[in-house]
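Spelled out from the first residue to the last, the chains are:
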Amino acid sequence: MKPDRPKTIRIKKRTPAPYKFILERVKTYLPNADLDLIARACEYSIAAHKGQLRRSGSLYVTHPMRVAYFLAKMHMDESCISAGALHDTLENTKTTFGDLSSLFGVQIASLVDGVTNISKAAIQSKAERRAGSFRRMLEAMTADRRILFIKMCDRLHNMQTLGSMSAEARGRIAKETMDWYVPLAARFGIYWLWRDLEELAFRHLEPESFAQITKLRAERIRELQTYEHEVTRELRIRLEQAGINGVIKSRNKTAYRIHQKFEEGCKDLDEIDDLVAFRVLLSETSECYEVLRMIHAHWQEFPDTFKDYIEFPKANKYQSLHTTVKGPEGRRTVIQIRTHEMERLGERGVAAQWSPSQKAVYDDYYTHVTEFIDRLVRSEPETPPLEFGQTLTEALYVDEVQVFTPKGDMKELPKGSTILDFAYAIHSELGNRCTGARIRGQFGPITQELVNGDSVEIITSENQEPMEEWLAYTRTIKAKRKIRQYLKSS
Ligand code: MN
C-alpha cells in the first residue's frame, strides 16, 4: 500500500532520474534493496526543495542527493539513505514530522528529526552554540548511529562546497571539522571520511600552506615515478615467484599529513619516507606474513620499523603489517601488507555493518566508543560546552603507541604519553608512587615518552607523591584527573 502524498507536491517521473547514481550504488551491495523507497524519498526531496538554491548557485537538492550517495558509499541501509535524501526537509521546507512519518514511516522521520535537532540553535555565543550542537550530536548517536553517519556525510558535502562561503564562515566551519568531525571519523575508523575531511579542513584553514605543499608534492612525485614503477615491478615479481595472487597499489601522502611532518620538524619532502607508499593486498592472513618474509629477504629492513597491526590491531580496529625497507636507489620504502577484507574494513570502520565476520567486533567497538563518550558527557555535565569540545578532541585522539606490561599485556596510549601516563593507565596507586621505569634494561624517568613496542616495568617508592608539575608530564586525561584528585585531597 502506497501512502498518500501531500497534494501540493507533484512527483514527476524523470528519465534518467537525477538520483540514479544512488540507486546504482545501492544495488552493488544490497541486491534486494527496496529501491522504490529510496526513489520516493529522492523524488520527495526534489519536489520539497524546488526553487531553493545553495550559496554556490546550484540547486539546493544537489546537496541532499550527494549526502544520500555518500551514505550508499558507506553501505548504509535503505532507511538511512532515504533519511539522507530527506535530511534538510524539516529544517528548510514546509515538510513536517507528520508528513515524513506518514509517507516514509516513523523510523525515517525520526532519523531526519534526529539530524535536524542537532543543528537547532540555542541562545548562546556562536562558539558555545557549536559546542552545544556537537554535544547533541553525541547524544543522538547513542540513540541511533545512523544519525551520526548522516551528519558526517552532510558535513563532508558542506566541506566540499565550502568555497562559496565567506572567509569567516570557511575558517569557522573548517576549524570545527578539524576539531570534532575528524577525530570522530578517525576514532570510528572510517578512514575515507577521516582522510577527506582532514584534507578539506586543512585546505580551508591554511590555504597558503595547502597550495605550497600540493605544488611541492606534485613535483616530487613526478621525480619519483621511475622509483615507483621499480618498486611495483619488484613486488609483482616476488608475488609471481611465490604463486600468490595479490594487488599492488601505491598511494601519495595527503597534503595535511605532509604539513604535520613539517610541523614536527621535518625540513624537506625527502625526509618523509612514505610520500609514496606501497600497499600489497592479499586474500589470506597467512599470505601477508609470507609476503613480508619475501620482502625482507629481498630488501634490507630498517630496524624498528616493522609493526604488526594484524596481531595487535589499532584501537580503531585497523589491521595491517607495516615495514620500511631499503628499496631501489637505496630509498627508504614503506610497504603495508594486508588482506582485501582488512582494506575494506579499514576504509569503512564502524560503518562496516555488512561484513558478517566483523559485524560483532565493530558493533562492540561502536558501543565501546559511544559509552566512553557518554560517560564523558555525564561525568562532566557542568563543563562549559567549549571546554567540553577540547576534552573530547583529546579523548578521541587517535595517534597511539602500543606498549606492554612486563607480563606482555598491551596498553594503548596517545602518542606523546610518558612513563607516568602508563603507570596511571594500570592503577592510580602505581601512578601516585611512580619514580620511573625500566625499559629495555635501562632506567627511564617519569617524564620519558613511550615509543611503540616498549615493554615498561614501573618502579615505585613509598616516599613518592604527585606534585603540581606532574600535570605537565602527562598526556592522558585519566592521569591528569588522578593527579588533580590527589592534589585536592592532600
Ligand atoms: Mn544538510
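As shown above, the structure is provided for reference.
What counts and how
Here the residue numbers are simple positions, counted from 1 along each chain's written sequence. Local features in a predicted model are, by the rule used here, given only for residues with pLDDT of at least 70; side-chain atom pairs are given and counted only at 80 or more, and totals for whole chains, interfaces and linings are based on all residues. Water and hydrogen atoms were dropped before computing side-chain values, which therefore reflect all heavy atoms in the structure. Strands are runs of DSSP state E lasting at least 2 residues, helices are runs of H or I lasting at least 4, and numbering of each runs from the N terminus. Only protein chains enter the accessibility calculation, which uses a 1.4 Å probe. A residue is then buried if its area is under 20% of the maximum for its type, exposed if over 50%, and partly exposed in between. In protein, a polar contact requires one atom able to donate a hydrogen and another able to accept it; more generally it is a pair of N or O atoms within 3.5 Å, and residues adjacent in sequence count only if both atoms are side-chain atoms. Note on contacts: a residue pair qualifies if any of its non-hydrogen atoms lie within 4.5 Å across the two residues. Only when DSSP finds a minimum of two bridges between them are two strands counted as paired. We call an atom a donor if it is N, O or S and sits within 2.8 Å of the metal, or 3.2 Å for Na, K and Ca. Water is not counted, so some sites may look partial.

Asks: In this structure, what is going on with the side chain of Gln464? I would like to understand it.
Replies: For Gln464, the location among the structural elements is in the loop between strand 11 (456-460) and helix 21 (470-473). A relative accessible area of 16% means that Gln464 is categorised as buried. Within polar-contact distance, the side chain of Gln464 engages the backbone oxygen of Cys434 at 2.7 Å. Those residues within four positions of Gln464 in sequence are excluded, and the remaining contacts are Asn432, Arg433, Cys434, Thr435 and Trp470.

Asks: Looking at this structure, how should I read the pairing of strand 6 (residues 332-339)?
Replies: On a regular strand, one side chain projects to one face of the sheet and the next to the other, so that they alternate. Counting buried residues in strand 6 gives seven out of eight residues, a clear majority hidden from the surface. With five bridges connecting them, strand 2 (residues 276-282) and strand 6 associate as parallel partners. Bridge assignment links Leu282 to a residue of strand 6, and that residue is Thr339. Taking the residues between adjacent antiparallel strands as the criterion, strand 5 (residues 321-326) and strand 6 are bridged by five residues, where Glu329 takes a positive phi near 60°.

Asks: Is there a simple way to explain unusual backbone geometry in this structure?
Replies: Glycine aside, a negative phi is what most residues show, and trans is what most peptide bonds show. One non-glycine residue, His75, lies in positive phi territory at about 60°. Mapped onto the fold, His75 is located in the loop between helix 3 (62-73) and helix 4 (78-85). Assessed through its relative accessible area of 16%, His75 is described here as buried. For Glu329, which is not glycine, the phi torsion reads 60° and is therefore positive. For Glu329, the position within the fold is in the loop between strand 5 and strand 6.

Asks: Sorry, what's going on with the environment of His427 here?
Replies: As for its placement among the helices and strands, His427 is situated in the loop between helix 19 (419-426) and helix 20 (428-432). His427 sits in the partly exposed class, given a relative accessible area of 46%. Separated by 55 residues in sequence, His427 and Lys482 have C-alpha atoms that sit 9.8 Å apart. A polar contact of 3.0 Å, which involves the side chain of His427, links it to the backbone nitrogen of Glu429.

Asks: What's the story with the coordination of the manganese ion in this structure? I'm lost.
Replies: In an ideal tetrahedron of four donors about a metal, each angle is 109.5 degrees. In an ideal octahedron of six donors, the angles are 90 or 180 degrees. Within the protein, the manganese ion binds to His63 (NE2), His87 (NE2), Asp88 (OD) and Asp154 (OD); these donor distances fall in the range 2.2 to 2.4 Å. In primary-sequence terms, the residues that donate to the manganese ion follow H-x23-H-D-x65-D. One exposure class covers both His87 and Asp88, and it is buried.

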